[in-house]
Amino acid sequence: QVQLVESGGGLVQPGGSLRLSCAASGSIFSINVMGWYRQAPGKQRELVATITHLGRTNYADSVKGRFTISRDNGKNTVFLQMNSLKPEDTAVYFCSLDFLASRPPRYWGQGTQVTVSS
């Protein structure tokens, strides 16, 4: 089994920044894809960003230029640096891990609340 533990969520004003972290543990194969998804009230869970073990990234159009995904392979940890936050970024953010990029992630974190409000 794989376990994902997230941290870093909270309340921030519009235009502010926040950094999310998620550490994976368990049966981790080194070749994997980690990412971040979010779910706002009344909406479906949507992709925010993903990153492969080699550092290839993919971003949703809504966050390009504002969010940066990165990872520390030695610590099995993925990060999401969020800048220029907007109220529409408010959601529960989930980290994810899978060993293939061609399917929905099989492993998920517990979620962390991000609220952007003045």
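Residues numbered from 1 in each chain as written. Predicted model: local features only at pLDDT ≥ 70, side-chain atom pairs only at ≥ 80, totals over all residues. Heavy atoms only, no water.

Notes on the environment of Asp72
Rules: Working definition: helices are DSSP H or I runs of at least four residues, strands are E runs of at least two. Numbering for both runs from the N terminus. Only protein chains enter the area calculation, which uses a 1.4 Å probe; residues under 20% of their type maximum are buried, those over 50% are exposed, and those in between are partly exposed. In this description, contact between two residues means that some pair of their heavy atoms is separated by no more than 4.5 Å.
Relative to the helices and strands, Asp72 resides in strand S7 (residues 67–72). Given a relative accessible area of 30%, Asp72 falls into the partly exposed group. Considering only alpha carbons, one finds Asp72 and Ala23, 49 residues apart in sequence, at a separation of 9.4 Å. Setting aside chain neighbours within four positions, we find Asp72 in contact with Thr77 and Phe79.

Regarding the sheet that holds strand S3 (residues 18–26)
Our working definition: At least two DSSP bridges between two strands are needed for those strands to be called paired. To define axes, lines are fitted to C-alpha atoms, for helices over the stretch in contact only, and angles between the resulting N-to-C directions are given on a 0 to 180 degree scale.
Pairing in this open sheet of 4 strands is antiparallel, and the strands run S1-S3-S8-S7 from one edge to the other. Looking along the sheet, the strands with just one partner apiece sit at the ends: strand S1 (2–7) and S7. Going from strand to strand, the sheet's axes swing by 15° on average, the running direction of each strand aside. By the bridge criterion, 6 bridges tie S3 to strand S8 (residues 77–82) in an arrangement that is antiparallel. Paired with Leu18 across the two strands is Met82, which belongs to S8.

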